[in-house]
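Chain residues, written in single-letter form:
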Amino acid sequence: MTDDEFEAYLVNWGRWCRSSFGRPGQSSLAKVMESDGGESGEVVVDVRAAERVNHLWQIMPDDTWEAKRAKALIAVYYSSAGNVGSMLGLIRRTRGFKIRDGEVDRLLEQAKKFLRRRIEQW
């Protein structure tokens, strides 16, 4: 799988989270969705692929402080239409922990590494 294909899976998942397909009760991101609002308009979403990525996101380990922050960050990063500062503020308000700007790249890579390994196993 190329980097572009992997990124397309994550972008599709983010669109699904912002669309009506990710209605509250179906997605673990419902709380994030209600807070952010997302973008408006029609979007084309591969629902099956998005649900698979969402399932993989749900089973991501969150047993350590680092893993919890990585899991929250990748969810907000792809399901939010805002800038990084507003995303970090959203995590602080909804999840109760702070992620510094300097940690964003490392935490995103950690989460992407987990998801990519699982997606490639499909």
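Visitor: Help me understand the overall build of the chain, please; the structure alone is not making it clear to me.
Guide: Within the chain, the secondary structure is distributed over six helices and zero strands. When the helices and strands of the chain are placed in sequence order, the string is α-α-α-α-α-α. The buried share of the chain, reckoned over its 122 residues, is 43%. In the chain, the proportion of contacts linking residues at least 24 apart, taken out of those at least 6 apart, comes to 73%. Per element, the accessible surface of the chain, about 7000 Å² overall, is 46% carbon and sulfur.

Visitor: Just to check I follow, could you spell out the nonpolar core for this structure?
Guide: For soluble globular proteins, the rule of thumb is that nonpolar side chains tend to be buried together. Counting residues in hydrophobic clusters, the biggest one holds 31 residues, and the most contacted among them are Leu10, Trp13, Leu73, Ile74, Ile99 and Leu115. Listed by contribution, the elements that provide at least two residues to this core are helix 1 (3-18), helix 3 (47-58), helix 4 (65-79), helix 5 (84-95) and helix 6 (104-120).

Visitor: Help me understand the side chain of Ser19, please; the structure alone is not making it clear to me.
Guide: The residue Ser19 is located in the loop between helix 1 and helix 2 (30-36) in this model. The class of Ser19 is buried, set by a relative accessible area of 14%. At a separation of 3.0 Å, a polar atom in the side chain of Ser19 contacts the main-chain carbonyl oxygen of Trp16.

Visitor: Whenever I open this one, the pattern of salt bridges confuses me. Can you help?
Guide: Working definition: two side chains of opposite charge can pair if their charged atoms are close together. Scanning all chains against the criterion turns up nine salt bridges. In this structure, the salt-bridge partner of Glu66 is Arg106, at a minimum N-O distance of 2.4 Å. Of this pair, Glu66 sits in helix 4 while Arg106 sits in helix 6, and the two are 40 residues apart along the sequence. Of the residues examined, Arg106 reaches a relative accessible area of 41% and is grouped as partly exposed. What you see here is one network of salt bridges that share partners, running through Glu66, Arg69, Arg100, Glu103 and Arg106.

So, how was this worked out
Residues numbered from 1 in each chain as written. Predicted model: local features only at pLDDT ≥ 70, side-chain atom pairs only at ≥ 80, totals over all residues. Heavy atoms only, no water. Helix = DSSP H or I, 4+ residues; strand = E, 2+ residues; numbered from the N terminus. Buried < 20%, exposed > 50% of the residue type's maximum accessible area, 1.4 Å probe, protein only. Contact = heavy atoms within 4.5 Å. Areas by Shrake-Rupley, 256 points an atom, 1.4 Å probe, with all protein chains shown as cover. Core = buried A, V, L, I, M, F, W, Y, C linked by side-chain atoms within 4.5 Å. Polar contact = N/O pair within 3.5 Å; in protein donor to acceptor, adjacent residues only side chain to side chain. Salt bridge = Lys/Arg side-chain N within 4 Å of Asp/Glu carboxyl O.

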